[in-house]
Amino acid sequence: MKLSHFNFDLPKELLAEFPAENRDEARLMVIDRKKQTIEHRMFKDIIDYFDDGDVMILNNTKVFPARLYGNKEKTGARIEVFLLRELNAEQRLWDVLVDPARKIRIGNKLYFGDDDSLVAEVIDNTTSRGRTLRFLYDGSYEEFRNKLTELGETPIPKYINREVTPEDAERYQTIYAKEEGAVAAPTAGLHFSKHLLKRLEIKGVNFAEVTLHVGLGTFNPVEVEDLSKHKMDSEELKITQEACDIVNEAKAKRKRVCAVGTTSMRAIESSVSSQNTLNPYEGWTNKFIFPPHDFSVANCMVTNFHTPKSTLLMMISAFCGHDLMKKAYEEAIKEKYKFYSYGDAMLIL
């Protein structure tokens, strides 16, 4: 498979700027790989496809308010600082992206907040837009982290051409988010409401939680025609023994094991035993899933509709089958499904 196989024309108006009014009332396209059928439902109808003993694998990562705006010393130029990951808590070192990058050099200082109470010094260049910052703040570590949260905005994706609203803080977060560390939401999970999770639980569906801290690399378009040459960014991953037990028991009983989102799928495919069971894991993964790929753990998945040439689309092609995926996407465009982070969902059986 080549990069050009993953290009398609996506009408601009199908990129969702806002989420559905209610989480579980987005649209749901249901694809059956065996029957090669496509159905159109509402997300809350997902309950019809699951039974007692089935398992859903959820990514419980929590998005932190990663986008800050500061001013450069002397010139006062407004600079966007996007926090990627903490490198050293004690020294308050962070890996960030800056925009516009050409103005930001080693030794520059940036000031944040109306009272300039938070200052950052640039101590290294990492990539063209990447920098290492040391934050200077007069207070404890906890107070420093609270300050970052207070000054930061919800990091909704760049394609959403509008100001961040207070609602985004709630809606660009799954309701089961627990472990802080992502700079992008695992978006398939955004469709689950408390009510829907409760109904699934009452029906006997079990939930296994994994943690994959989604990085910005998830949005990087692939730029090489030969997919095997593409390098994924590493992301932090944790899979507990408890999650493995829930998943492996369902597998042994031949139940449905559903990965909720491409991040959950990437997480579990990063830690598979030789017997095709799920293993506990704590570390980093840069797993890139593209066709052909044998999936070892999940036998169904929930995902949103992805943009052309994205690694996410390549994973869906590998799981769904390329021709069926293409057919589904043509239908989605014809039926005006909403795409991307705040868009509609697909269940692949």
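As a reminder, the structure under discussion sits directly above these lines.
Residues numbered from 1 in each chain as written. Predicted model: local features only at pLDDT ≥ 70, side-chain atom pairs only at ≥ 80, totals over all residues. Heavy atoms only, no water.

S.K.: Which parts of the structure should I look at to understand the overall build of the chain?
M.R.: Helix and strand counts for the chain come out as 7 helices and 17 strands. Principal-axis analysis of the C-alpha atoms gives the chain an extent of 65 × 45 × 40 Å. Every one of the 349 residues in the chain was classed for burial, and the buried ones make up 53%. Across the chain, contacts joining residues at least 24 apart in sequence account for 71% of those joining residues at least 6 apart. (Helix = DSSP H or I, 4+ residues; strand = E, 2+ residues; numbered from the N terminus. Buried < 20%, exposed > 50% of the residue type's maximum accessible area, 1.4 Å probe, protein only. Contact = heavy atoms within 4.5 Å.)

S.K.: Can you walk me through the environment of Tyr111 in this structure?
M.R.: One can find Tyr111 in strand S8 (residues 109–112). Along the primary structure Tyr111 and Leu15 are separated by 96 residues, whereas in three dimensions their C-alpha atoms are 34 Å apart. Non-local contacts of Tyr111, meaning those with residues more than four positions away in its chain, are made with Gly70, Asn71, Glu73, Asp116, Leu118 and Val119.

S.K.: Any chance you could explain the nonpolar core here in plain terms?
M.R.: The nonpolar side chains of soluble globular proteins are, as a tendency, buried together. Of all hydrophobic cores here, the largest spans 65 residues; its most connected members are Met29, Met265, Phe339 and Met346. Sequence-distant contacts of Met265, that is, excluding residues within four places in its chain, are made with Ala259, Ile289, Phe295, Ala298, Met301, Met315 and Phe319. (Core = buried A, V, L, I, M, F, W, Y, C linked by side-chain atoms within 4.5 Å.)

S.K.: So what exactly am I meant to see when it comes to the state of the cysteines here?
M.R.: Covalent bonding between the sulfur atoms of two cysteines defines a disulfide. Considering all chains together, one arrives at 0 disulfides under this definition. Cys258 carries a free sulfur, and the closest cysteine sulfur to it, the one in Cys300, is 3.8 Å from it. The class of Cys258 is buried, set by a relative accessible area of 0%. (Disulfide = S-S within 2.5 Å.)

S.K.: Would you explain the layout of surface pockets in this entry?
M.R.: Empty space left among the atoms is revealed by rolling a probe the size of a water molecule over them. In this model, the largest pocket occupies a volume close to 980 Å³. In this structure, the largest pocket is lined by 39 residues; those nearest its centre are Leu84, Val183, Gly215, Leu216 and Gly217. Elements represented by at least two residues in the lining of the largest pocket include exactly strand S6 (78–88), strand S7 (93–99), strand S11 (179–182) and strand S13 (235–239). Ranked by the residues each element gives to the lining of the largest pocket, the list is headed by S6, at 5 residues. Residues belonging to the lining of the largest pocket are distributed by class as follows: 17 nonpolar, 10 polar and 12 charged. Considered as a void within the structure, the second largest pocket measures approximately 300 Å³ in volume. Lining the second largest pocket are 16 residues; nearest its centre among them are Asn60, Glu209, Thr211, Lys238 and Thr240. Among the secondary structure elements, those contributing two or more residues to the lining of the second largest pocket are strand S12 (206–212), S13 and helix H4 (241–252). Among the elements that make up the lining of the second largest pocket, the one with the highest residue count is S12 (5 residues). Tallied by class, the residues present in the lining of the second largest pocket amount to 6 nonpolar, 4 polar and 6 charged. (1 Å grid on protein atoms, 1.4 Å probe; cavity = no way out; pocket = protein on both sides within 12 Å on 5 of 7 lines; lining within 4 Å. Points joined across faces, edges and corners; volume = space filled by probe spheres on them. Nonpolar A, V, L, I, M, F, W, Y, C, P; charged D, E, K, R; others polar.)

S.K.: Would you mind going over the packing of helix H6 (residues 311–320) against helix H7 (residues 322–334) with me for this structure?
M.R.: Helices that pack against each other are described as a pair by the angle of their axes relative to one another and the distance between those axes. For the pair H6 and H7, the least separation of the axes is 7 Å and the interaxial angle reads 120°. One element, H6, and the other, H7, form an angle in the oblique class. The handedness of the crossing between H6 and H7 comes out as right-handed. Every residue of H7 that contacts H6 at Leu313, Ile316, Ser317 and Cys320 is listed here: His322, Leu324, Met325 and Tyr329. (Axes fitted to C-alpha atoms, helices over the stretch in contact; angles between N-to-C directions. Parallel < 35°, antiparallel > 145°, perpendicular 65-115°, else oblique. Left-handed = near helix turned anticlockwise from the far one by under 90°.)

S.K.: Sorry, what's going on with the pattern of salt bridges here?
M.R.: It is possible for side chains bearing opposite charge to pair when their charged atoms get close. Taken as a whole, this structure holds 16 salt bridges when the rule is applied. Linking Glu201 and Lys198 is a salt bridge whose minimum nitrogen-to-oxygen distance equals 3.4 Å. Of this pair, Glu201 and Lys198 are both found in helix H3 (residues 194–202), 3 residues apart, which corresponds to roughly one turn of the helix. Its relative accessible area of 46% is what places Glu201 among the partly exposed residues. The partner of Asp226 in a salt bridge is Lys229, and the shortest N-O contact between them spans 3.2 Å. For Asp226, a relative accessible area of 31% gives the class partly exposed. When salt bridges that share partners are traced, they join Arg41, Asp45 and Asp48 into one network. (Salt bridge = Lys/Arg side-chain N within 4 Å of Asp/Glu carboxyl O.)

S.K.: Quick question: what am I supposed to make of empty space enclosed by the protein here?
M.R.: Per the stated rule, a full pass over the model turns up 4 cavities of 30 Å³ or more. Of the pockets and cavities examined, the largest cavity occupies roughly 200 Å³. What lines the largest cavity is a set of 20 residues, and nearest its centre among them are Ala185, Thr187, Thr262, His306 and Leu312. When residues of the lining of the largest cavity are traced back to their parent elements, those giving at least two are helix H5 (262–269) and strand S16 (300–304). When grouped by side-chain class, the residues that make up the lining of the largest cavity number 11 nonpolar, 9 polar and no charged. Forming the boundary of the second largest cavity are Pro19, Ala20, Asn22, Arg23, Ala26, Arg171, Leu190, His191, Ser341, Tyr342 and Gly343.

S.K.: What should I look at first to understand the sheet that holds strand S1 (residues 27–32) in this one?
M.R.: With respect to topology, 9 strands assemble into an open sheet ordered S2-S1-S17-S16-S14-S3-S12-S13-S15, the strand pairing being mixed. Whereas interior strands pair on both sides, the edge strands pair on one side only; in this sheet they are strand S2 (37–42) and strand S15 (281–285). Across the sheet, the mean angle separating the axes of adjacent strands is 20° when strand polarity is ignored. Relative to S16, strand S14 (residues 257–260) runs parallel, the two sharing 3 bridges. Along S16, the bridge assignment pairs Ala259 with Met301. This element, H4, spans strand S3 (55–59), S12, S13 and S14 of the sheet and lies at about 135° to S12. (Pairing = 2+ DSSP bridges.)

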